[in-house]
Amino acid sequence: MNTRQDLVETGIRAQLHPRSNGKNIYLPPACHTLSRKEKMMFCQCLRRVKVLQGNSSNIKSLVQLKDLKLVGLKSHNYHVLMQQLLVVAIRDIVHNKVRHAITRLCIFYNAICSKVLDPIKLDELENDVVIILCQLDMYFPHAFFDIMIHLIVHLVREIKCCGVVYL
């Protein structure tokens, strides 16, 4: 509710402003919000995924269809999810523009976590991440953009200074 009130105060995204009919307040769903059916499709897709032995944990065991959640993920599982599986799992679920922004973010993570990086492409990646974050800002609420999201901007510069982040 606070996020929606922030939208009202700043005068942006009128389609997401809370609506009241006297007794109840209705919050229209945002384009990134998943319905129960869409969450079920997402979780079922992840339950059907088969990964190579030793690539990550058995993702199937980490998906709870009852609660429609992912539980017990370790850091490497998050990496595999962000770099490879998320793009596949959201392909038929999320709005096209939101999916495009998330896919670009996943491709960015995949690029910076590779074994070999072309120094010429680093400047391009640095520019791309700013555009990706601007795209995400168009669809996700301002509360989404905490310090961790902001730190993505600095990853390429850290790679330039310290070297590749593979493993």
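Up top is the structure.
Here's a quick rundown of the structure. From a predicted model like this one, the values you see are computed outputs, not experimental measurements. (Residues numbered from 1 in each chain as written. Predicted model: local features only at pLDDT ≥ 70, side-chain atom pairs only at ≥ 80, totals over all residues. Heavy atoms only, no water.)

**Things to note about the pattern of salt bridges**
Working step 1: Considering all chains together, one arrives at 4 salt bridges under this definition.
Working step 2: In this structure, R91 and D92 form a salt bridge, with 4.0 Å as the shortest nitrogen-oxygen distance.
Working step 3: Between K160 and E126 there is a salt bridge, and its shortest N-O distance comes to 2.8 Å. Of this pair, K160 sits in helix α8 (residues 155-162) while E126 sits in helix α6 (residues 119-139), placing them 34 residues apart in sequence.
Working step 4: Given the relative accessible area of 39%, K160 is considered partly exposed.
Working step 5: Taken together, the shared-partner salt bridges connect D123, E126 and K160 into one network. (Salt bridge = Lys/Arg side-chain N within 4 Å of Asp/Glu carboxyl O. Helix = DSSP H or I, 4+ residues; strand = E, 2+ residues; numbered from the N terminus. Buried < 20%, exposed > 50% of the residue type's maximum accessible area, 1.4 Å probe, protein only.)

**Observations regarding helix α2 (residues 36-48)**
Working step 1: Taking 1.5 Å per residue as the helical rise, α2 with its 13 residues ought to reach 18 Å, and the 18 Å between its terminal C-alpha atoms agrees with that figure.
Working step 2: For α2, every residue scored as buried is listed here: F42, C43, C45 and L46. The buried residues of α2 occupy one face: seen down the axis, they fall within an arc of 155°. Exposed residues on α2 whose side chains face more than 90 degrees from its buried face are R36, K37 and R48.
Working step 3: Against the buried residues of α2 lie α3 (59-62), β3 (63-64), β4 (69-70) and α4 (75-89). (Expected span 1.5 Å × (residues − 1). Arc of directions from axis to C-beta. Contact = heavy atoms within 4.5 Å.)

**A short note on the packing of aromatic side chains**
Working step 1: Per the counting criterion, the structure on display carries 3 aromatic pairs.
Working step 2: Summarising the aromatic geometry, the rings of F140 and F144 are spaced 4.9 Å apart at their centres and angled 25° between planes, so their arrangement reads as stacked.
Working step 3: Aromatic pair F144 and F145: ring centres 5.1 Å apart, planes at 90°, arrangement edge-to-face.
Working step 4: According to the relative accessible area criterion, F145 is partly exposed, its value standing at 25%. (Phe/Tyr/Trp six-rings, centres within 6.5 Å; stacked < 30°, edge-to-face > 60°.)

**Some points on the packing of helix α5 (residues 96-112) against α6**
Working step 1: The N-to-C vectors of α5 and α6 enclose an angle of 150°; their axes lie 9 Å apart at closest approach. Taken together, the axis directions place α5 and α6 in an arrangement best described as roughly antiparallel. For α5 against α6, the interelement crossing comes out left-handed. Two secondary-structure elements touch here, α5 through K97, V98, H100, A101, I102, R104, L105, F108, A111 and I112 and α6 through L125, D128, V129, I131, I132, Q135, L136 and Y139.
Working step 2: A class-by-class count of the residues in the contact of α5 with α6 yields 13 nonpolar, 2 polar and 3 charged. (Axes fitted to C-alpha atoms, helices over the stretch in contact; angles between N-to-C directions. Parallel < 35°, antiparallel > 145°, perpendicular 65-115°, else oblique. Left-handed = near helix turned anticlockwise from the far one by under 90°. Nonpolar A, V, L, I, M, F, W, Y, C, P; charged D, E, K, R; others polar.)

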